[in-house]
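This is what each chain is made of:
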Amino acid sequence: MILLLGSSGYLGRAFQTILDQRGEKYTTLPRSEANHTRFSSLTEWLRVHQPEFVINAAGYTGRPNVDACEKARGETLDGNVLWPIALAHACSLLEIPFGHVSSGCLYNGAYLNGAHGWNVETDLTQDVVGEIINRSPNMIRGFSEDDAPNFTFRQSKCSFYSGSKALAEEAIADLGECYLWRPRLPFDHFDHPKNYLSKLLRYEKLYSNVNSLSHRMDFANACLDCWKQRVPFGIYHVTNPGYVTTSEVVERIQEILRPDKAFAFWKNDLEFYTHAADAARSNCILETNKLIEAGVQMRPVKEALEEALRFWKPEHLH
Ligand SMILES: NC(=O)c1ccc[n+]([C@@H]2O[C@H](COP(=O)([O-])OP(=O)(O)OC[C@H]3O[C@@H](n4cnc5c(N)ncnc54)[C@H](OP(=O)(O)O)[C@@H]3O)[C@@H](O)[C@H]2O)c1
Ligand SMILES: Cc1cn([C@H]2C[C@H](O)[C@@H](COP(=O)(O)OP(=O)(O)O[C@H]3O[C@@H](C)[C@H](O)[C@@H](O)[C@H]3O)O2)c(=O)[nH]c1=O
């Protein structure tokens with residue numbers, strides 16, 4: 001039996017759907033039924049129920065977005081640091097393998113190949129994004145799992161949310177048999193306040209950038225494949241291969257879903273952070289070779305986007 005934690009959440013529900021589709025035996029443990037951060041009660045629950053694998057999709061993300069974590073620091077630390085540490089220790093003590101949903105937002109930027117070789121460009125301004133579109137793909141690469149995160153409390157710039165996710169990774173990475181799965185900006189065809197595509201459709205003005213993304217169901221499928229195929233434990237970037245700019249996504253939305261809709265963009269970072277955001281945002285490209293070489297397949301991001309837009313289900317219809 002697999003234990004799924006955080007099953008009521010946006011990503012947790014995707015895990016539940018995939019587990020159901022695959023006919024896997026699993027159970028959930030809502031927060032209301034167990035104090036997650038209490039090591040003794042958690043250990044006792046695991047000892048009695050003996051799951052073969054634990055999926056941790058619980059965590060604190062803030063609503064409507066990570067800006068909320070800047071104020072709700074206690075909740076953020078509780079859900080994103082204390083809780084995964086308690087779980088990791090309990091699983092490690094009882095020798096239960098587990099997978100923790102981390103985040104790709106521990107990185108900011110991308111590698112660009114220029115006159116002085118490969119360099120991390122963290123300042124993905126509109127000009128740089130424009131340049132990325134025009135560059136050949138072999139002049140751009142993302143961060144691999146071997147690259148140290150560069151958007152954490154250890155650097156001068158990060159959000160409280162990203163810092164908390166990075167702290168948890170540091171604390172649990174070498175505890176027991178563990179997968180650290182890093183998704184980015186999840187989306188699929190179900191309109192939802194947390195769906196990246198819904199966000200672009202709903203925000204008053206858009207922030208022009210470049211990012212790797214995770215199709216929500218592809219993500220949950222890939223994470224489960226890691227366990228079912230017994231790929232080596234460790235960190236995995238679980239994003240659909242490739243990257244997209246905001247403008248590319250907007251063009252696809254206009255072509256496929258909303259030809260009638262006009263989108264406005266913030267002129268630059270200054271305008272975006274003055275009017276629309278408190279916390280620094282991570283924008284990054286992630287490499288997915290490690291996952292694919294381990295034998296776990298993810299379709300290219302543009303293919304997944306196209307499908308999500310073609311089969312789009314507005315929120316009131318599901
Ligand atoms: N959504 C994204 O864009 C995204 C992207 C990358 C990574 N992630 C990571 O994925 C995980 C799930 O995110 P989500 O978007 O699915 O979040 P969500 O929709 O807000 O759901 C969060 C889940 O975690 C539980 N939870 C909240 N605070 C908790 C705490 N202090 N202790 C234990 N459980 C707690 C919630 O339980 P209740 O129902 O009881 O509140 C709920 O089941 C998080 O760790 C997040 O960092 C999310
Ligand atoms: C606030 C705002 C954001 N954006 C853009 C910036 C981002 O590219 C995208 C999403 O931004 P936000 O909603 O601020 O999302 P966020 O920064 O809270 O999103 C994150 O949530 C975390 C839980 C995850 O770990 C991240 O992977 C990501 O999904 O929308 C706009 O275009 N206009 C806006 O007004």
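Residues numbered from 1 in each chain as written. Chains lettered and ligands numbered in written order. Predicted model: local features only at pLDDT ≥ 70, side-chain atom pairs only at ≥ 80, totals over all residues. Heavy atoms only, no water.

Our next topic: the site of ligand 2. In the vicinity of ligand 2, 18 residues are found, and the nearest of them are Val66, Lys199, Tyr203, Tyr207 and Arg281. Within the side chain of Tyr161, one N or O atom sits 2.8 Å away from an oxygen atom of ligand 2. The fraction of the free accessible surface of ligand 2 (690 Å²) that becomes covered by protein chains is 90%. Split by residue class, the shell around ligand 2 holds 11 nonpolar, 3 polar and 4 charged. (Near = heavy atom within 4 Å. Polar contact = N/O pair within 3.5 Å; in protein donor to acceptor, adjacent residues only side chain to side chain. Areas by Shrake-Rupley, 256 points an atom, 1.4 Å probe, with all protein chains shown as cover. Nonpolar A, V, L, I, M, F, W, Y, C, P; charged D, E, K, R; others polar.)

Here we come to the nonpolar core. Judged by nonpolar contacts, the single largest core of 28 residues is most densely connected at Phe15, Ile55, Tyr179, Trp181, Phe219, Val238 and Leu291. Going through the elements one at a time, β1 (2-5), α1 (10-21), β3 (53-56), β8 (178-182) and α8 (216-228) are the ones with two or more residues in this core. It is α8 that provides the largest number of residues to this core, a total of 8 residues. The residues contacting Phe219, other than those within four sequence positions of it, are Leu11, Phe15, Val101, Trp181, Pro183, Ser214, Val238 and Met298. Ala34, Leu46, Val54 and Ala88 belong to the second-largest nonpolar core, a separate cluster that totals 21 residues. (Core = buried A, V, L, I, M, F, W, Y, C linked by side-chain atoms within 4.5 Å. Buried < 20%, exposed > 50% of the residue type's maximum accessible area, 1.4 Å probe, protein only. Helix = DSSP H or I, 4+ residues; strand = E, 2+ residues; numbered from the N terminus. Contact = heavy atoms within 4.5 Å.)

Spatially, β2-β1-β3-β4-β8-β12 is the arrangement adopted by the 6 strands of the open sheet, whose pairing is parallel. With one partner strand each, in any of the chains shown, β2 (26-28) and β12 (234-237) form the two edges of the open sheet. Sheet twist, expressed as the mean angle between neighbouring strand axes with direction ignored, is 20 degrees. Running at roughly 160 degrees to β8, α8 makes contact with β1, β3, β4 (98-101) and β8 of the sheet. (Pairing = 2+ DSSP bridges. Axes fitted to C-alpha atoms, helices over the stretch in contact; angles between N-to-C directions.)

In the structure shown here, the tally under the stated rule is 14 aromatic pairs. Note on Phe15 and Phe219: the rings are 5.8 Å apart at their centroids and 75 degrees apart in plane angle, and the pair reads as edge-to-face. Placement of Phe15 in helix α1 and of Phe219 in helix α8 is noted, with a sequence separation of 204 residues between them. What makes Phe15 buried here is its relative accessible area of 2%. With a relative accessible area of 1%, Phe219 lands in the buried category. Aromatic pair Phe272 and Tyr273: ring centres 4.9 Å apart, planes at 65 degrees, arrangement edge-to-face. (Phe/Tyr/Trp six-rings, centres within 6.5 Å; stacked < 30°, edge-to-face > 60°.)

Time to look at the site of ligand 1. Neighbouring ligand 1 are 23 residues; Ser8, Leu11, Arg31, Tyr161 and Lys165 lie closest to it. Interatomic distance of 2.7 Å between a side-chain N/O atom of Arg31 and an oxygen atom of ligand 1. Residue Gly79 places a main-chain N or O atom 3.4 Å away from a nitrogen atom belonging to ligand 1. Notes on ligand 1: free accessible area 900 Å², of which the protein chains cover 85%. Put simply, the parts of the chain that give the shell around ligand 1 at least two residues each are α1, α4 (73-93) and α6 (160-172).

Quick look at the packing of helix α2 (residues 39-49) against α4 now. The geometry of α2 relative to α4 is characterised by a closest axis approach of 9 Å and an angle of 45 degrees between their N-to-C directions. As far as their axial angle goes, α4 and α2 are oblique. α2 and α4 meet at a crossing whose hand is right-handed. Contacts from Phe39, Leu42, Thr43 and Leu46 of α2 reach α4 at Trp83, Ala86, Leu87, His89, Ala90, Cys91 and Leu93. Broken down by class, the residue content of the contact of α2 with α4 amounts to 9 nonpolar, 2 polar and no charged. (Parallel < 35°, antiparallel > 145°, perpendicular 65-115°, else oblique. Left-handed = near helix turned anticlockwise from the far one by under 90°.)

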